[in-house]
Amino acid sequence: VITVSGDAGPRFVFEELNISGNYVLSDDEIRATFLSEIEQANGAFGLGTPELGRARIETLYQSQGYLSANVTVSISEPRITMERGAPVAEVSAELAVVEGARVLIESVTMVGGADEVVVTDLQELVGKPVDPKTLNDLVESIGEAYRDTGYLDVDVTGDLSVRGEGADFHLSVAAGPQ
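Residues numbered from 1 in each chain as written. Predicted model: local features only at pLDDT ≥ 70, side-chain atom pairs only at ≥ 80, totals over all residues. Heavy atoms only, no water.

A. Layout of the sheet that holds strand β7 (residues 155-163). The mixed open sheet is built from three strands, whose spatial order is β6-β8-β7. Edge positions in the open sheet fall to β6 (104-112) and β7, since each of these has one partner strand only. The sheet shows a mean angle of 15° between the axes of neighbouring strands, taken without regard to direction. Pairing of β7 with strand β8 (residues 166-174) involves nine bridges; the strand directions are antiparallel. When the sheet's bridge partners are listed, Asp-159 is paired in β8 with His-170. Strands in contact with helix α3 (residues 132-148) are β6, β7 and β8; relative to β8, the strand with the most contacts, it is inclined by about 20°. (Pairing = 2+ DSSP bridges. Helix = DSSP H or I, 4+ residues; strand = E, 2+ residues; numbered from the N terminus. Axes fitted to C-alpha atoms, helices over the stretch in contact; angles between N-to-C directions. Contact = heavy atoms within 4.5 Å.)

Shown next, in the form of structure tokens:
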């Protein structure tokens, strides 16, 4: 039994929170991720809360290379009771996970740029799981390195090409004038 209470509306009690289809992440990790969305809203459980929790679980899978992970959430109709004069909504939730294949980076290439700008060793990404946030952060950090060297009009783009369980990441740098 998981109880969620907040200032607005009834207190929600999850009588059951069943999780199926997960092998990579534990039930505890998924449960904590799903419920953290409710905690961030100070316990306010609205129609969008399960969707936000679902999206957060998918993002967690994606950060580990499971780009096609899919989570569906089913919430039962609440059973409303009164407890000490306050409404309590008892619900059950089902989280069904389809993890999909883990995608690893097979190659990283960069075209363009300037020789005097030092960029992190891109080849250290090869063999690691694709993490969209890490790749976006890499694009931003390369842009910052160029701006720090005086290339204020730099344009850095990244393109991820996924083929089955492998991916190629291609970076393009248009440095502009220094």
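B. A look at the nonpolar core. Ranked by internal contacts, the top residues of the largest apolar core, which has 21 residues, are Ile-142, Tyr-146 and Leu-171. At the level of elements, β6, α3 and β8 are the ones that each hand at least two residues to this core. For this core, the element with the highest residue contribution is α3, accounting for five residues. Those residues in contact with Tyr-146 that sit more than four places away from it in its chain are Gly-113, Ala-114, Val-117, Val-119, Tyr-151, Val-154, Val-173 and Ala-175. (Core = buried A, V, L, I, M, F, W, Y, C linked by side-chain atoms within 4.5 Å. Buried < 20%, exposed > 50% of the residue type's maximum accessible area, 1.4 Å probe, protein only.)

C. Region of the structure containing the pairing of β8. Bridge count between β6 and β8: eight bridges; the pairing is parallel. Bridged to Gly-112 within β8 is Val-173.

D. Looking closely at the packing of aromatic side chains. One pass over the structure, following the stated rule, counts two aromatic pairs. Considering the side-chain rings of Tyr-61 and Tyr-66, the 6.1 Å spacing of their centres and the 85° angle between planes classify their relative orientation as edge-to-face. On the basis of relative accessible area, Tyr-61 is assigned to the buried category, the value being 1%. (Phe/Tyr/Trp six-rings, centres within 6.5 Å; stacked < 30°, edge-to-face > 60°.)

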